[in-house]
Amino acid sequence: VGPAGGLSLAGALSLVGGLAGDSGVQPAGTPLLLDLGGLDPAGGDALSHGQGLDCWEVRKHNSSEWCRFIQSNPDCRLEGGFLDYLQGVFCVFPPRLLPLAVTLYALWLLYLFIILGVTAEKFFCPNLSAISTNLKLSHNVAVFSLTSLLHGVTFLAFGNGAPDVFSAVVAFSDPRTAGLAIGAVFGAGVYVTTVVAGGIALVKPFTAASRPFLRDVIFYMVAVFLTFLVLYFGRITLGEALGYLGLYVFYVFTVVLCTWIHRRQQGEGLPPPGPWEPEMPTDTEERESSGVNSGDYGEEYQPLLPSRETSLHILTAALSPLDYRKWRRKPWYWRLFKVLKVPVELVLLLTVPVVDPDKDDLNWKRPLNCLHILTSALLCVLTLKSGTYGLYQIQGIFPVWGLVTLLGSVLAIIIFITTSNEEPPKYHCVFAFLGFLASAMWINAAATELVNILRTLGVIFQLSNTVLGLTLLAWGNSIGDTFSNLTMARLGYPRMAFSACFGGIIFNILVGVGLGCLLQMTSSQLVVKLEPDSLLVWILAGALGLSLVFSFVSVPAQCFQLGKAYGICLILYYLAFLCLALLTEFRVIHLSAS
C-alpha cells in the first residue's frame, strides 16, 4: 500500500512473482529517484540525501570504526537477500583478513553466475517450452510453424534472457543499485554486439541474412535511442515504461509478419519445422541415450516383459545429477565444472519439476513429482521477499511455512495415491507452470544476492555501480551467450548465431528497463526519476549506439559478407570502449568544472 493509500504496483506484483523489492516510502506525487551515478569515487554525495554519509566512505575511516559505521549508516543496509555482505566483510572479518573476504566473495559471485546459468538452461527454459507447447491450439502445419516462430521470439527469448531481466528488475528495485541495471543492460549490449558477433566472424566467415539483420539492428537502435532520451530528460513515465514493453510486442509481430510474407513470396508456403538447429543433446538426453532402456541394443534385445521399477528406484534415479558413463569419457575440466554444478543441480532437482513434451512419459517421475508439490511450494514461500512472508505467523501462532507444509503434504499424498508410475496424469501439464514459478523464484533469489554482492564489492573498492554493471554483471550474464553462439558457429551455423546476437538482446533492454521501472511505480507515483550523474553513463549509451551504427553501415557495405576483418574491428572497438570506460571511472578522463 502506497503512502497515500494507493496500491503499490511493485508490492502487488511482488506478491505474485517476488520480482520487485521495496522501493522505499516517498511523499505522494514525488517521483521515485533512481540514482544512476551510484558510488562516486571522486567524493560526490550522490546517495546521502541528508540521511548520513555514503556507504563507500567507510574505507576513509579508521579500520576500528568500520563495523560501527556500517551498522549505524542507513545507506549501508542491503535491500532483500539472505546474507548481509557489508556486515560480513566489515564486522565478521578482521581488517587484516579483508583480502580473504574479497576472495571468498569473488568465488561466491562466480558460483551465483553458475546457479543462474544452470537454473535458466535446465529448468526455466524447458518448462517455458513445455508451457508454450501446451498452449498450442492447433496441429495444422501452417499454424504450427507460426506458433513455433512466436515461441522462439517470446518464450525462448524470455528463457535465454531471464538472468539479465531478473538482475535488471532487482537492481531497479533499489535506487542505490539502479546504475547496475543500466550498466548491465548497456554493457551486455556492447559486449554481445562486438565481442560475440566479432568472434563469430573470426571463427566462421559467412554471409549474414540481410533482412533479419537490418530489422533487428533498426529495432535495437530505436530501443537505445529511447533509453538515451529517457536518461537525457531524467525521468521515465508510466506511458514510456509501457512503451518499452509495447515496442517488444511490435517487434514480435514484425518478426512473425516478415517471415510469413517472405515464405509467401517464395511460394513455398509454410513448411513444417525441420532440423534447422544443430543437435546439441543436454545431460538428460545423453543420460537417456546411455541407459539400458533407451534402445541401444535394438528392439530384439529388449526384454519381452520389462520389470516395473519401484518408486524408491525411480526417486533415486531421478535425483542423480551424474551420468557415470558420460563421466568416464569426458575430459578433466568438464569433470571439475560438473563437480561444481552437482550441488546446484541436486537442489534444483529436489525443488523444481520439469515437464518434457518430447518424451513419451513427459518426464513423469511419480515419487519425485509428488515431492515437488511440497518442496516447490516451500521454496516459493521461503524465497518470496527473502522469506519475510514465509516466516510470518498467522494470528501470532502458526507460521505460514507450516501451513504450506501441511497443505502441500496432503496434496502430495492424494496425487501419489491416485496416480501410477507408468502413466502421467492428465493434469501433468500443471507441473510445467509449477516448475516455471519455482525456477523463476530461484533465479530471482540468485539475482538478488548477485546485486547485493556487487554493491558490496563496489563499496570495498570504491567503484561505481555503472562500471560494475558494464563489466562483472554484463560479462557474467553474457558468458552463456558467448559459448553457445561461438559453438553454434563452429558447428556450421554462423548465421543463426549472428542473428541471436542482435535479436536476443532486444528483449533484454526493452523488457529489462520497461519492466524494471514499471515495478517501481505506484498509484500515486507514476514517474521514476533517473539521474545519470556520472559521465560513464553517457559514454556507455554512446558506445552502444555507435557500435550499432557501425554494424548497420559496414555490414551492407560489405554486401553482408562478414569475414575476419569485420570481427577484428569489433573486438578492437570493445577494447577501446573498455579502456575509455575505466579511464573515466578512475577520473583520468573527466568533465572540467564549469
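Residues numbered from 1 in each chain as written. Predicted model: local features only at pLDDT ≥ 70, side-chain atom pairs only at ≥ 80, totals over all residues. Heavy atoms only, no water.

If you check an unreviewed UniProt entry, the protein chain appears there as NCLX protein from Podargus strigoides. The Subcellular location (unreviewed entry) field of the UniProt record for the protein chain holds the comment "Membrane". (UniProt positions renumbered as here; feature names shortened; annotations may be inferred.)

Visitor: Teacher, can you tell me more about the overall build of the protein chain here?
Guide: For the protein chain, the helix and strand inventory stands at 21 helices and 7 strands. Residues counted as buried form 48% of the 594 residues belonging to the protein chain. Sequence separation of 24 or more characterises 79% of the internal contacts of the protein chain that already satisfy a separation of 6 or more. Of the accessible surface of the protein chain, which amounts to about 28200 Å², a share of 67% is contributed by carbon and sulfur atoms. (Helix = DSSP H or I, 4+ residues; strand = E, 2+ residues; numbered from the N terminus. Buried < 20%, exposed > 50% of the residue type's maximum accessible area, 1.4 Å probe, protein only. Contact = heavy atoms within 4.5 Å. Areas by Shrake-Rupley, 256 points an atom, 1.4 Å probe, with all protein chains shown as cover.)

Visitor: What is the right way to look at the state of the cysteines in this model?
Guide: Here a disulfide denotes one covalent bond, and it connects the sulfur atoms of two cysteines. This structure, assessed with the given rule, holds 2 disulfides. Between the sulfur atoms of cysteine 55 and its disulfide partner cysteine 76 the distance amounts to 2.2 Å. Judged by the sign of its S-S torsion, about 115 degrees, the cystine formed by cysteine 55 and cysteine 76 is right-handed. Highlighted residues: cysteine 55 in the loop between strand 1 (32-35) and helix 2 (66-72) and cysteine 76 in the loop between helix 2 and helix 3 (85-92), separated in sequence by 21 residues. Both residues of the pair, cysteine 55 and cysteine 76, belong to the buried class. Between the sulfur atoms of cysteine 67 and its disulfide partner cysteine 91 the distance amounts to 2.3 Å. With the S-S bond torsion at 105 degrees, the cross-link from cysteine 67 to cysteine 91 turns out right-handed. Of this pair, cysteine 67 sits in helix 2 while cysteine 91 sits in helix 3, and the two are 24 residues apart along the sequence. (Disulfide = S-S within 2.5 Å.)

Visitor: Help me understand helix 17 (residues 430-461), please; the structure alone is not making it clear to me.
Guide: Think of an α-helix as 3.6 residues a turn; residues three or four steps apart then line up on the same face. Between its first and last C-alpha atoms helix 17 spans 47 Å; for 32 residues at 1.5 Å apiece the expected length is 46 Å, and the two agree. Where burial is concerned, most of helix 17 is hidden: 25 out of the 32 residues are buried. A positive phi of about 55 degrees marks glutamine 462, the residue just after helix 17. (Expected span 1.5 Å × (residues − 1).)

Visitor: Would you explain the pattern of salt bridges in this entry?
Guide: For side chains bearing opposite charge, pairing can occur when the charged atoms are close. Tallied over the entire structure, the rule returns 5 salt bridges. Between glutamate 345 and lysine 122 there is a salt bridge whose closest N-O contact spans 2.9 Å. One end of the pair, glutamate 345, is in helix 14 (residues 332-351); the other, lysine 122, is in helix 4 (residues 98-134), with 223 residues separating them in the sequence. The two residues glutamate 345 and lysine 122 agree in class, both being buried. With its nearest N and O atoms 3.0 Å apart, the salt bridge here joins glutamate 345 to lysine 338. Classification of glutamate 345 as buried rests on a relative accessible area of 4%. Each member of the salt-bridge network shares a partner with another, and the members are Lys122, Lys338 and Glu345. (Salt bridge = Lys/Arg side-chain N within 4 Å of Asp/Glu carboxyl O.)

Visitor: Would you mind going over helix 18 (residues 465-490) with me for this structure?
Guide: Given a rise of 1.5 Å per residue, 26 residues ought to cover 38 Å, and the 36 Å separating the end C-alpha atoms of helix 18 matches this to within 8%. The largest bend in helix 18 comes to about 40 degrees, at serine 478. Phi turns positive one or two residues past the end of helix 18, at glycine 492, with a value near 100 degrees. (Bend = angle between axes of the 7 residues up to and from the residue.)

Visitor: Can you walk me through unusual backbone geometry in this structure?
Guide: Peptide bonds are trans in most cases, and residues, glycine excluded, mostly fall at negative phi. In this structure, leucine 362 takes a positive phi of about 55 degrees despite not being glycine. Within the secondary structure layout, leucine 362 lies in the loop between helix 14 and helix 15 (366-383). Although it is not a glycine, cysteine 559 adopts a positive phi angle of roughly 55 degrees. Cysteine 559 gets classed as exposed once you look at its relative accessible area, which sits at 56%.

Visitor: I keep staring at the packing of aromatic side chains and nothing clicks. Help me out?
Guide: The description of an aromatic ring pair uses the distance of the two centres, along with the angle that the planes make with each other. All chains considered together, the criterion is met by 23 aromatic pairs. With centroids separated by 5.5 Å and ring planes inclined at 85 degrees, the aromatic side chains of tryptophan 66 and phenylalanine 90 adopt a geometry described as edge-to-face. Linking tryptophan 66 in helix 2 with phenylalanine 90 in helix 3, this pair joins segments that are 24 residues apart in sequence. Accessibility assignment for this pair places tryptophan 66 and phenylalanine 90 in one class, buried. Here the aromatic rings of phenylalanine 228 and tryptophan 538 are separated by 5.4 Å at their centres, their planes lie at 70 degrees, and the arrangement is edge-to-face. Here the residue phenylalanine 228 occupies a position in helix 9 (residues 210-233), and tryptophan 538 occupies one in helix 20 (residues 535-557), the gap between them amounting to 310 residues. Given the relative accessible area of 27%, tryptophan 538 is considered partly exposed. Ring-pair connections join several aromatic residues into one group, and the members of that group are Phe206, Phe213, Phe498, Phe502, Phe550, Phe560 and Tyr566. Its guanidinium or amino end placed over the ring of phenylalanine 416, arginine 366 lies 3.7 Å from that ring's centre, counting from NZ or CZ. (Phe/Tyr/Trp six-rings, centres within 6.5 Å; stacked < 30°, edge-to-face > 60°. Lys NZ or Arg CZ within 6 Å of the ring centre and 35° of its normal.)

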